[in-house]
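Residue-level structural notes
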Amino acid sequence: QLTDLGEIERRDSQGNFLGTVFIRNHTGVVTLASQFGAGVSAGLNLKLVQQRVTCRGQCDDPGIDATNLVFDAGLQWRDVLGLPLTLGAAMVHVGSDVQFFNAEQSDPLPSRLRFAAAYDVARHFVDSAPLSAVVAVEVEERWRTSGSPALYLGTELAAGDVQALVVRAGYVFG
């Protein structure tokens, strides 16, 4: 995956064009996932992330880059205790600090812990799959600097055998 974060023109003090600085991120992902027993699933992403800043033209420096090995891991449990309830937990963006020059100038990854629950309220009124009304809540906490969690609340109403109509709404606190 290539993420193009744009380009910046480099100019001298008189405004003459000297070159162009390009900012790109490249990501390669290997994913493993499996189901264990009744309704329990696990997944793992292993990502190789390269952040690159390059320059074309009259540049003092040809560019810099940083490469990191990053992973995500998660668990999901569906139909908890026979209820239309799904629970999940995940660790995301876990890995070593992003280092362009040296360890003193490195930056931590935005590692997060996430815990979530979703409940299909419609299952109490309709037994068939063509209608679902899910209420979801998620708590997200920073891995390295905990103490200010974000709370996500959401709803989804889906109708149709192949979810022909889906309406979603949500809000984030924090």
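Summary of the structure given here. (Residues numbered from 1 in each chain as written. Predicted model: local features only at pLDDT ≥ 70, side-chain atom pairs only at ≥ 80, totals over all residues. Heavy atoms only, no water.)

**What about the state of the cysteines?**
Quick reminder of the rule: What counts as a disulfide here is a pair of cysteine sulfur atoms lying within 2.5 Å. For every residue, the accessible area (1.4 Å probe, protein chains only) is compared with the maximum for its type, and the residue is labelled buried under 20%, exposed over 50%, or partly exposed between those bounds.
The full count for this structure, using the stated rule, is one disulfide. Here C55 pairs with C59 through a disulfide, and the sulfurs are 1.8 Å apart. Taking the sign of the S-S torsion, -65 degrees for the link of C55 and C59, the bridge is left-handed. The buried category is assigned to C55, whose relative accessible area is 16%.

**Points about a nonpolar patch on the surface**
Going by this rule: Any residue with relative accessible area above 30% and no salt bridge may belong to a patch, with like charges joined within 9 Å and the nonpolar Val, Leu, Ile, Met, Phe, Trp and Tyr side chains within 5 Å. Residue burial considers only the protein chains on display, and all accessible areas are found by Shrake-Rupley using a 1.4 Å probe. Only one rule defines a salt bridge in this text: a Lys or Arg side-chain nitrogen within 4 Å of an Asp or Glu carboxyl oxygen. Counting from the N terminus, the helices are DSSP H or I runs at least four residues long and the strands are E runs at least two residues long.
Taken together, the side chains of V30, L32, L44, L46, L48 and L69 present a nonpolar region at the surface, about 560 Å² in accessible area. Of all elements in the fold, only β2 (17–36) and β3 (40–57) reach the threshold of two or more residues within the nonpolar patch. When residues of the nonpolar patch are assigned to their parent elements, the largest contribution, three residues, is made by β3. Residue position: L46 is located in strand β3. Residue L46 is classed as partly exposed on the basis of its relative accessible area, which comes to 42%.

**What to know about the sheet that holds strand β4 (residues 63–77)**
Put simply, the rule reads: At least two DSSP bridges between two strands are needed for those strands to be called paired. Only C-alpha atoms enter the line fits that serve as axes; for helices the fit covers just the stretch in contact. Angles between N-to-C directions range over 0 to 180 degrees.
With respect to topology, nine strands assemble into an open sheet ordered β1-β2-β3-β4-β5-β6-β7-β8-β9, the strand pairing being antiparallel. Both outer strands of the open sheet, β1 (2–11) and β9 (165–173), are each paired with one neighbouring strand and no more. When the angles between neighbouring strand axes are averaged without regard to direction, this sheet yields 15 degrees. For strand β6 (residues 112–120) and strand β7 (residues 131–142), the ladder comprises nine bridges, and the chain directions are antiparallel. When the sheet's bridge partners are listed, F115 is paired in β7 with V139.

**A short note on the pattern of salt bridges**
Two side chains carrying opposite charge are able to pair once their charged atoms lie near each other. The tally for this structure, following the rule as stated, stands at ten salt bridges. One salt bridge connects D4 with R24, and the closest N-O pair in it is separated by 2.9 Å. Of this pair, D4 sits in strand β1 while R24 sits in strand β2, and the two are 20 residues apart along the sequence. Where R114 meets E138, a salt bridge forms, and the shortest distance between an N and an O atom there is 3.6 Å. Of the two residues, R114 is situated in strand β6 and E138 in strand β7; the sequence distance between them amounts to 24 residues.

**So, the packing of aromatic side chains**
Basically, it comes down to this: Whether two aromatic rings pair depends on their centres lying within 6.5 Å, for rings of Phe, Tyr and Trp, where Trp uses its six-membered ring; planes under 30 degrees apart make the pair stacked, over 60 edge-to-face, and the rest tilted. A ring is considered to have a charge above it if a Lys NZ or an Arg CZ atom is located within 6 Å of its centre and within 35 degrees of its normal.
The full count for this structure, using the stated rule, is one aromatic pair. If you follow R56 out to its NZ or CZ, it ends over the ring of F22, 4.8 Å from the centre.

**What about the environment of A73?**
By secondary structure assignment, the location of A73 is in strand β4. A sequence separation of 17 residues divides A73 from A90, and the C-alpha atoms of the two residues are 5.6 Å apart.

**Here's the deal with the nonpolar core**
One broad trend across soluble globular proteins is that nonpolar side chains are buried collectively. Counted only if it meets this: Working definition of a nonpolar core: buried Ala, Val, Leu, Ile, Met, Phe, Trp, Tyr and Cys residues. They are joined through side-chain atoms within 4.5 Å. Contacts were defined at the residue level, with two residues in contact if any of their heavy atoms lie within 4.5 Å.
The biggest cluster of nonpolar side chains holds five residues, and these are V49, A66, V70, V98 and L109. Sequence-distant contacts of V70, defined by excluding residues within four places in its chain, comprise N45, L46, K47, V49, H93, V94 and L109.

**Examining unusual backbone geometry**
The residue L81 is not glycine, and still its phi comes out positive at about 55 degrees. By the element assignment, L81 lies in the loop between β4 and β5 (85–95). Its relative accessible area of 73% is what places L81 among the exposed residues.

**A look at the pairing of β1**
Note that β1 and β2 share eight bridges and pair antiparallel. Bridge assignment links I8 to a residue of β2, and that residue is V21. The hairpin formed by β1 and β2 contains five residues between the paired strands, and G15 there has a positive phi angle of roughly 90 degrees.

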